[in-house]
Amino acid sequence: MKSKTKEVSYQQLPAAPDSKRPCNTRLIQSFSKCTPLKVIAVVVLTALSTCLIIYSCLDKRLIERLCCTHNPVVQTADEPETMTSKYGNIPDSDDFRPRHRYRDNDNIRYKHTKRRLPQCIIIGVRKGGTRALLNFVNLHPAIQIANKETHFFDDDDNYSMGYEWYRRKMPYSFPQQITIEKTPAYFVEESVPERVHKMNSSIKLILIMRDPTERAISDYTQIHMTKLSKGKQHESFEELAINEDTGEVRTTYRAIRRSIYHRHLERWLQYFPLSQFLILSSEALVRDPVSQLKIVENFLGIEHKITPANFYYNRTKGYFCLRNETHEKCLAESKGRPHPNVSPEVVKKLQDYFRPHNYKFYRMVDKDFGWP
Ligand code: A3P
């Protein structure tokens, strides 16, 4: 039986106003012109845009944890050479660093980077300018720093977590870069030299030393300010540093003990030769940071990249601060703050007390720091 349906091609359909045309007429038309290549292109583009939408909706941290623990997020693939040429292009709202650098809370990491144990540690001294030194060396493209003090070697709980815990506290770095951390407590804690030696007997160690009297007063100021901010009472420096009855220096006061440098260094020298240390002067860093950073660059065997153009002198603060073409940044307010007034007699007493200890230290390191 013959079908009653009359076959007509769509071209034969009577013309109708656009709004009334069968809705898929145009579609049929365009599909009829489709080539396999076009179909593949459409499929690929759709898949890509779906992936992009999903990716931008997910929390980046979650992505890193889910799929990138071993081969993590690649934001860009700058190689160190490119980084060097970008060096100096900075601004950054909360931290003064070149844009190319990895920031812990960015969840950004570059291809070919991984976290590595430090090849260099700033071990002290507390209040010697360790933060300034760390932030300044961080300008160098061959250096990556751990921003927070890790307290791995001096804290038994942290140490018991093992090297892998420690490594995870380190920043991502390229193979050619040097990882540096600073924890000034390392210098004075007895267990530390042996532990550091056990991890890496050829590690480079940096010390930045300050006039021991000034250092002790600065040490006191830090604790004093913390106590005041918590609404707690705190004795005066004089009360803590000088025995009221005898008028002698209280050698048990921790701020005093930490300033007897030769005692602490002696312990380190049982494990490391002096050649593995770089011993800088805090006063020199305050006066002329670039000259001290050049010494650090030499010690680490890296090119001289940090120049006077990276600094300006801030008269209000009374210290050098960082600068680039668009941005200026000083250290936090807690660095370089005024000290409480300490009576000149007490200052003199401390200087007299520290002098023989200083000479011992000068002999040990073969360098006179010229402290009063
Ligand atoms: P004060 O705040 O007592 O003056 P650390 O970082 O080891 O805690 O040391 C703090 C000290 O760094 C400060 O002590 C200050 O003297 C010194 N310092 C060195 N260079 C500095 C800089 N450019 N800006 C601020 N403080 C600096």
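Residues numbered from 1 in each chain as written. Predicted model: local features only at pLDDT ≥ 70, side-chain atom pairs only at ≥ 80, totals over all residues.

Student: Before we move on, can you summarise the overall build of the protein chain with the specific residues and values?
Tutor: Of regular secondary structure, the protein chain possesses 15 helices and ten strands. Here the protein chain, with 372 residues, has 27% of them falling under the buried criterion. Pairs at least 24 residues apart make up 71% of the contacts formed inside the protein chain by residues separated by at least 6 positions. (Helix = DSSP H or I, 4+ residues; strand = E, 2+ residues; numbered from the N terminus. Buried ≥ 20, exposed ≤ 12 C-beta atoms within 10 Å, placed from the backbone. Contact = placed C-beta atoms within 7 Å.)

Student: Tell me about the site of the ligand, and name the residues and values.
Tutor: The local shell around the ligand holds 18 residues, among which Gly-129, Thr-130, Arg-131, Ser-218 and Gly-336 are the closest. Looking at the shell around the ligand, the elements that each hand over two or more residues are α5 (130-137), α9 (212-229), α13 (282-287) and β9 (319-323). (Near = placed C-beta within 6 Å.)

Student: I'd like a description of α9, backed by residues and values.
Tutor: Here α9 spans 26 Å end to end across 18 residues, near enough to the 26 Å set by a 1.5 Å rise per residue. Of all the residues in α9, the buried ones are Pro-212, Thr-213, Glu-214, Arg-215, Ala-216, Ile-217, Ser-218, Asp-219 and Tyr-220. Its buried side turned inward, α9 meets α10 (237-241), α11 (254-257), α12 (261-269) and α15 (344-365). Looking at the residues trailing α9, positive phi occurs at Gly-231, about 75°. (Expected span 1.5 Å × (residues − 1).)

Student: Got a sec to walk through the nonpolar core? Specific residues and values, please.
Tutor: Among the nonpolar cores identified, the biggest contains 38 residues, and Ile-123, Leu-133, Val-137, Ile-206, Leu-207 and Ile-208 are the most heavily contacted of them. Elements with a contribution of two residues or more to this core: β2 (120-124), α5, β3 (143-145), α8 (192-199), β6 (204-209), α12 and α14 (289-300). When sequence neighbours within four positions are dropped, the list of residues in contact with Ile-123 reads Tyr-186, Phe-187, Leu-205, Ile-206 and Leu-207. (Core = buried A, V, L, I, M, F, W, Y, C linked by C-beta atoms within 7 Å.)

Student: Provide a residue-level description of the pairing of β9, including the pertinent values.
Tutor: In β9, alternate side chains face the same way, and those of Phe-320 and Leu-322 are buried while those of Tyr-319, Cys-321 and Arg-323 on the opposite face are not. Here four bridges tie strand β8 (residues 311-314) to β9, and the two strands are oriented antiparallel to one another. What sits directly across from Asn-314, in β9, is Tyr-319. A loop of four residues connects β8 with β9, the two strands running antiparallel in sequence, and Gly-318 in this loop sits at a positive phi of about 80°. (Pairing = 2+ DSSP bridges.)

Student: Describe the environment of Lys-204, naming the residues involved and giving the relevant values.
Tutor: Inspection of the secondary structure puts Lys-204 in strand β6. In this structure Lys-204 comes out as buried when scored by C-beta crowding, with 21 C-beta atoms within 10 Å. Once residues within four sequence positions are removed from consideration, Lys-204 is found in contact with Gln-119, Cys-120, Gln-276, Phe-299 and Leu-300.

Student: Just give me the short version of the sheet that holds β9, but keep the residues and values in it.
Tutor: Pairing within the open sheet is antiparallel, and its three strands lie in the order β8-β9-β10. Taken across any chain shown, the strands that pair with only one partner, and hence form the sheet edges, are β8 and β10 (328-329).

Student: Any details on the packing of α9 against α15? Residues and values, ideally.
Tutor: Put simply, α9 and α15 touch, their axes get as near as 9 Å, and they point 120° apart. Judged by the angle between their axes, α9 and α15 are oblique. Of the residues in α15, those in contact with Pro-212, Thr-213 and Ala-216 of α9 are Val-347, Leu-350, Gln-351, Phe-354 and Asn-358. (Axes fitted to C-alpha atoms, helices over the stretch in contact; angles between N-to-C directions. Parallel < 35°, antiparallel > 145°, perpendicular 65-115°, else oblique.)

Student: Could you give an account of the confidence of the model for the protein chain, naming the residues involved and the relevant values?
Tutor: Within the protein chain, residue pLDDT values average 82, and 75% of them lie at 70 or more. Below a pLDDT of 50 lies the segment residues 1-32, which in the model reaches four contacts outside its immediate sequence neighbourhood of four places, other chains included. Confidence over residues 56-106 falls short of pLDDT 50; this stretch has 65 contacts with residues more than four positions distant or in other chains. (pLDDT = per-residue confidence, 0-100.)

Student: Describe α8, naming the residues involved and giving the relevant values.
Tutor: All of the buried residues along α8 are Val-192, Pro-193 and Val-196. Seen along its axis, α8 keeps its buried residues to an arc of 95°; they face one direction. Buried positions along α8 lie against β2 and α12. (Arc of directions from axis to C-beta.)

Student: Before we move on, could you go through unusual backbone geometry and cite the residues and values that matter?
Tutor: Cis peptide bonds are those with omega within 30 degrees of zero, and the linkage from Gly-124 to Val-125 qualifies with 0°. Relative to the helices and strands, Val-125 is located in the loop between β2 and α5. Even without glycine at this site, Lys-127 takes up a positive phi of about 70°. Among the residues examined, Lys-127 registers 24 C-beta atoms within 10 Å and is labelled buried. At Asp-366, a residue that is not glycine, the phi angle is positive and equals roughly 60°. Looking at the element boundaries, Asp-366 is found in the segment after α15.

Student: Quick one: what's the story with the sheet that holds strand β7 (residues 277-281), residue by residue and with numbers?
Tutor: Taken in spatial order, the five strands line up as β3-β5-β2-β6-β7 in an open sheet, and their pairing is parallel. At either margin of the open sheet sits one strand with a lone partner, and together these are β3 and β7. Each neighbouring strand pair of the sheet contributes to a mean axis angle of 25°, computed without reference to strand direction. Sheet topology places β2 next to β6; four bridges connect them, and they run parallel. Pairing of Cys-120 across the sheet is with Lys-204, part of β6.

Student: Can you explain the environment of Pro-171? Please cite residues and give values.
Tutor: Looking at the element boundaries, Pro-171 is found in the loop between α7 (163-168) and β4 (172-173). Here Pro-171 falls in the buried class, since 23 other C-beta atoms lie within 10 Å of it. Taking the C-alpha atoms as reference points, Pro-171 and Ile-145, 26 residues apart in sequence, are found 6.3 Å from one another.

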